[in-house]
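# Fold and contact review
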Amino acid sequence: MIARLTPDEIHEQDCHTLEVTVTAEQIDRFAAVTGDISPLHMDAEFARQRGFNDRVSHGVLTLGFFSQLVGVHLPGENALLQSVNVRFLAPVYPSDRLRIDAVVDHCSMESGVIVLKIMASRCASDEIVAKGKIQVGFTQRSKHELNERRG
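Below is a short write-up of the structure. (Residues numbered from 1 in each chain as written. Predicted model: local features only at pLDDT ≥ 70, side-chain atom pairs only at ≥ 80, totals over all residues. Heavy atoms only, no water.)

## What to know about helix 1 (residues 24-34)
Listed in full, the buried residues belonging to helix 1 are Gln26, Ile27 and Ala31. Summarising the axial view, the buried residues of helix 1 lie within an arc of 135 degrees, below the 170-degree limit, and thus occupy one face. Facing away from the buried side of helix 1 by over 90 degrees, the exposed positions are Arg29, Ala32 and Val33. In this structure, the buried residues of helix 1 make contact with strand 1 (15-21), helix 2 (39-42) and helix 4 (59-73). Downstream of helix 1 by one or two residues, Gly35 has phi in the positive range, about 85 degrees. (Buried < 20%, exposed > 50% of the residue type's maximum accessible area, 1.4 Å probe, protein only. Helix = DSSP H or I, 4+ residues; strand = E, 2+ residues; numbered from the N terminus. Arc of directions from axis to C-beta. Contact = heavy atoms within 4.5 Å.)

If you want it as structure tokens, here you go:
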């Protein structure tokens with residue numbers, strides 16, 4: 001189910017977590033859609049020769065899980081992704097289970113914007129693989145503003 005939060009329903013320190021498993025099939029489909037067929041992503045032996053444990057998932061695939069959290073859970077349906085600032089700290093491999101965490105760092109009802117601190121970590125080891133901030137606007141005004149317009 002998709003959340004439908006408006007700016008007035010979100011507060012600083014609100015949080016949401018989801019878990020996802022990165023699969024070889026997701027990496028292959030992402031490569032097919034984007035055309036990024038770098039051997040680092042597609043060839044396990046090539047990646048091992050470069051010092052990695054296996055082929056490496058695209059960083060932007062991990063970013064896609066951040067987008068899922070925003071567009072489905074916090075705030076959900078009313079989300080309008082405005083900016084993303086992410087650092088990729090460790091490689092993600094096929095079969096990695098990731099925990100995606102978001103905490104509301106700033107919320108402005110006046111501008112209808114929230115800023116989320118985001119982080120992805122490996123569930124098995126708690127190693128952080130990516131972290132950053134996302135600014136989110138809203139496609140629907142707050143319930144307070146909608147009621148003032150009607151009144």
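On we go from here.
## Side note on unusual backbone geometry
Backbone torsion omega between Leu74 and Pro75 reads 10 degrees, so that peptide bond is classified as cis. Looking at the secondary structure, you find Pro75 in the loop between helix 4 and strand 2 (79-88). At Gln13, a position not held by glycine, the phi torsion is positive, near 80 degrees. Structurally, the position occupied by Gln13 is in the segment before strand 1. One non-glycine residue, Asp126, lies in positive phi territory at about 65 degrees.

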